[in-house]
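# Observations on the three-dimensional arrangement
So the chains spell out like this:
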Amino acid sequence: MEFLEALVRHQFLQNALLAGVLAGLACGVVGTFVVVRRITSIAGAIAHCVLAGLGMARWAQVRLGWTWADPMLGATGAAMVAALVIGLVSLRAKEREDTVIGALWAVGMAIGILFISRTPGYNEDLMSYLFGNVLLVRGVDLWMMAALDAVVVTLSLVLFTRLQAVCFDEEFARLRGLNVEVYFLLLLTMAAITVVLLVSVVGIVLVIALLTLPVAIAGQLTSSLRSMMMAAVGISMLCTTAGLAVSYGPDLPAGATTIMVAGMAYLMVIGLRRVLSR
Amino acid sequence: MSGPRTSDAVAPGAGSHPGSCCNIDDGGEPVVELERVSFGYDGRRPVLEDVTLRIARLDFVSVIGPNGGGKTTLLKLLLGLLEPDEGTVQVLGTTPVRARPRIGYMPQLAALDPSFPVQVVDVVLMGRLGVRSGLGRFDLNDRRAAVRALDRVGLAGLERRPFSALSGGQRQRVLLARALASDPELVLLDEPAASLDQKVEQTFFELLVELNQLSTVVLVSHDLGFVRSFVRTVICVHRRVHVHPTSALDGEAIRQLYDGDVRLVHHDQKL
């Protein structure tokens with residue numbers, strides 16, 4: 001109740017709510033592909049490389065006075081580069097894939113930390129990048145999020161049957177004439193965009209949880225990719241909204257609360273299914 | 001070890017099956033034609049060496065041999081997933097890559113994620129990809145073809161069932177339906193018997209025999225049990241290749257083939 005009253009009064013809460021909903025949309029759609037194609041570790045590496053982009057952009061803004069260098073722009077750039085590097089390595093040299101994922105994961109973070117340490121306001125920036133601060137989302141960020149959402153959702157809808165075929169059986173899809181390498185890189189790019197959206201809501205460290213938990217819950221309730229995706233979208237939005245509402249009263253960090261909500265929901269669904277199937 | 005001598009894939013065609021003229025050029029265009037093909041992974045010792053063989057239209061072929069002997073490699077060469085180091089591969093009168101739309105392929109069931117959330121009809125529809133061009137959704141024709149293919153494999157009415165909820169034998173038949181959804185001229189199957197119990201296996205192979213009325217069937221197997229009852233031609237792969245019509249599996253040929261295979265089966269068990 002207290003949350004609802006505050007929501008009506010405060011623009012920043014409305015922005016936060018909308019940011020959660022926008023992120024939830026891409027999260028459910030792309031998260032489903034990420035989970036069934038089993039590339040969550042790649043998404044994790046991309047998420048941590050985002051820190052490099054955030055750090056560089058923030059540094060350029062403060063130290064060089066490049067006002068156009070929005071952190072979100074930097075995040076998107078870094079995520080794309082990371083996605084393409086991992087994608088190409090994965091396609092060209094399959095046996096070294098996990099090494100490269102681990103290396104990029106750490107190096108991306110290191111670059112970010114170095115740049116942020118050279119920027120005034122070190123602590124606040126780093127904390128909000130790592131663990132998210134959805135209460136700081138501005139109106140201009142929301143427009144950027146909506147645009148990124150539109151890109152991934154449109155791609156997913158138009159290419160749904162093809163992406164489904166590539167995720168289910170890559171070899172067969174190739175034999176039916178699909179360019180599976182292109183679809184794989186496209187999937188990683190979409191994951192990169194989704195990670196950027198989620199970073200502004202829950203932060204880099206918690207992205208993987210929000211990308212996978214709603215999909216895992218949806219997977220317990222549905223049996224086709226399409227219905228799983230729709231359920232995951234709804235569950236993601238519910239999680240971000242509930243996380244924000246629950247965290248507001250006791251003044252808890254919204255990102256961490258959102259993840260706890262998602263985690264508890266997952267455990268409950270699994271528990272319920274166990275009980276019901278007896 | 002001393003590999004068997006190369007056969008030029010011409011075996012006596014005296015057969016009990018009418019029309020089982022498997023390896024002899026009967027004037028018709030062969031469905032598969034390999035000419036002195038060699039292949040090795042990353043330039044290492046060849047897995048297949050100097051392979052020459054032909055498969056005639058509407059033949060029913062079983063490719064047998066030990067694990068690591070080159071069966072799967074041969075299949076991948078036919079599909080154009082691998083390029084030969086030497087020699088040429090022709091499928092349906094063209095290159096394997098160009099022939100792909102006219103090939104139905106059924107992979108090993110074990111290669112797929114059994115928990116993937118997908119309905120039966122969606123799996124079968126994947127076989128319709130590449131039938132038309134464009135990015136659009138599947139149309140009524142595609143859906144009809146999918147339903148027809150499911151009917152052919154005896155799974156009519158299961159369209160909306162989750163793939164993960166089916167038995168191994170049913171999943172196998174879904175994958176066959178997917179391979180048939182594009183009305184292929186040539187059907188390639190990788191170890192179709194691997195995850196089936198005996199009774200289901202019998203039904204599955206009866207399905208393949210029916211399918212063989214319209215399409216050439218090539219299957220990879222390490223199981224010799226059914227060979228004599230269904231298959232017309234046996235291709236033995238162990239780096240080099242021998243081709244036998246099953247009708248010629250008498251006397252000397254049987255002794256030769258089974259001698260070889262007893263040894264190979266023994267070799268498998270040690271692994």
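Please read all numbers here as calculations on a predicted model, not as lab measurements.

## Quick notes on the overall build of chain A
- A tally of helices and strands in chain A yields 13 helices and zero strands.
- For chain A, the α and β elements follow one another from N to C terminus as α-α-α-α-α-α-α-α-α-α-α-α-α.
- What you see for chain A is a C-alpha radius of gyration of 19 Å, in line with the 19 Å of a compact globule of 278 residues.
- Considering only C-alpha atoms, chain A reaches an extent of 55 × 50 × 30 Å along its principal axes.
- In chain A, which comprises 278 residues, the share counted as buried stands at 51%.

## Some remarks on helix 8 (residues 160-168) of chain A
- The element helix 8 of chain A is extensively covered by neighbouring structure, given that seven of its nine residues are classed as buried.
- Listing the buried residues of helix 8 of chain A in full gives Thr 161, Leu 163, Gln 164, Ala 165, Val 166, Cys 167 and Phe 168 of chain A.

## Some details on the packing of helix 10 (residues 180-202) of chain A against helix 11 (residues 207-221) of chain A
Residues and elements named next belong to chain A.
- The contact between helix 10 and helix 11 brings their axes to 9 Å, and the two run at 110°. Between helix 10 and helix 11, the interaxial angle falls into the category roughly perpendicular. Every pair of crossing elements has a handedness; the one defined by helix 10 and helix 11 is right-handed. Between helix 10 and helix 11, the contacting residues are Thr 194, Val 195, Leu 198, Val 199 and Val 202 on the first element and Val 207, Leu 210 and Leu 211 on the second.
- Looking at the contact of helix 10 with helix 11, its residues break down into seven nonpolar, one polar and no charged.

## Observations concerning the nonpolar core
- By size, the foremost hydrophobic cluster in this structure holds 166 residues, and its most contacted members are Ile 46, Val 50, Ala 79 and Val 195 of chain A.
- It is helix 10 of chain A that contributes the most residues to this core, 15 residues altogether.
- Built from parts of two domains, this core gets at least three residues from each of domain 1 (1-92 + 188-271) and domain 2 (107-184) of chain B.
- Those residues in contact with Ile 46 of chain A, other than ones at most four positions away along the chain, are Ala 79, Ala 82, Ala 83, Ala 191, Ala 192 and Val 195 of chain A.

## Examining the pairing of strand 7 (residues 216-220) of chain B
All names here are of chain B.
- For strand 7, the buried fraction is high: five of the five residues fall into the buried class.
- Side chains Thr 216, Val 218 and Val 220 project from strand 7 onto one buried face, and the interleaved Val 217 and Leu 219 project onto a second face that is buried too.
- Of the pairings in the sheet, the one linking strand 3 (residues 60-64) to strand 7 comprises four bridges and is parallel in character. Looking across to strand 7, one finds that Phe 60 is bridged to Val 217.

## Details of the pairing of strand 3 of chain B
All names here are of chain B.
- Here strand 3 lies mainly inside the structure; five of its five residues are buried.
- Across four bridges, the pairing between strand 3 and strand 8 (residues 233-238) is parallel. Bridged to Ile 64 within strand 8 is Cys 236.

## Structural notes on the sheet that holds strand 8 of chain B
Residues and elements named next belong to chain B.
- One open sheet holds the six strands; their spatial order is 5-6-7-3-8-9, and the pairing between them is mixed. This sheet does not close on itself; its edge strands, each paired only once, are strand 5 (103-106) and strand 9 (240-245). Strand-to-strand twist in this sheet, taken as the mean axis angle between neighbours without regard to direction, amounts to 15°.
- Where helix 1 (residues 71-79) meets the sheet, its contacts fall on strand 3, strand 5, strand 6 (186-190), strand 7 and strand 8, and the angle it forms with strand 6 comes to roughly 150°.
- Contacts from helix 5 (residues 168-180) reach strand 5 and strand 6, with the element oriented near 165° to strand 5.

## Side note on the interface of chain A and chain B
- The partner chain B presents 18 residues to the 22 residues of chain A that form the contact.
- Only helix 8, helix 9 (170-175) and helix 12 (225-248) of chain A provide two or more residues apiece to the side of chain A that touches chain B.
- Looking at the side of chain A that touches chain B element by element, the count peaks at five residues for helix 8 of chain A.
- Of the residues that constitute the side of chain A that touches chain B, the class distribution is 11 nonpolar, seven polar and four charged.

## Focus on the domain arrangement of chain B
All names here are of chain B.
- Domain annotation of chain B identifies domain 1 (1-92 + 188-271) and domain 2 (107-184).
- Residue contributions to the side of domain 1 that touches domain 2 peak at three residues, all from helix 6 (residues 198-211).
- Looking at the side of domain 1 that touches domain 2, its residues break down into six nonpolar, two polar and two charged.

## A few points about the sheet that holds strand 1 (residues 32-39) of chain B
Residue and element names in this part refer to chain B.
- Ordered in space as 2-1-4, the three strands form an open sheet in which the pairing is antiparallel. Since the sheet does not close on itself, it has two edges, and those belong to strand 2 (48-55) and strand 4 (86-91), each with one partner. Across this sheet, the average inter-strand angle for adjacent strands is 15°, counted without regard to direction.
- By the bridge criterion, five bridges tie strand 1 to strand 4 in an arrangement that is antiparallel. What sits directly across from Ser 38, in strand 4, is Glu 86.
- In the packing of helix 1 onto the sheet, the strands contacted are strand 1, strand 2 and strand 4, and the crossing angle to strand 1 comes to about 120°.

Thresholds applied
- Residues numbered from 1 in each chain as written.
- Chains lettered and ligands numbered in written order.
- Predicted model: local features only at pLDDT ≥ 70, side-chain atom pairs only at ≥ 80, totals over all residues.
- Helix = DSSP H or I, 4+ residues; strand = E, 2+ residues; numbered from the N terminus.
- Rg over C-alpha atoms; globule rule 2.2 N^0.38 Å.
- Buried ≥ 20, exposed ≤ 12 C-beta atoms within 10 Å, placed from the backbone.
- Axes fitted to C-alpha atoms, helices over the stretch in contact; angles between N-to-C directions.
- Parallel < 35°, antiparallel > 145°, perpendicular 65-115°, else oblique.
- Left-handed = near helix turned anticlockwise from the far one by under 90°.
- Contact = placed C-beta atoms within 7 Å.
- Nonpolar A, V, L, I, M, F, W, Y, C, P; charged D, E, K, R; others polar.
- Core = buried A, V, L, I, M, F, W, Y, C linked by C-beta atoms within 7 Å.
- Domains from an automatic or database assignment.
- Pairing = 2+ DSSP bridges.

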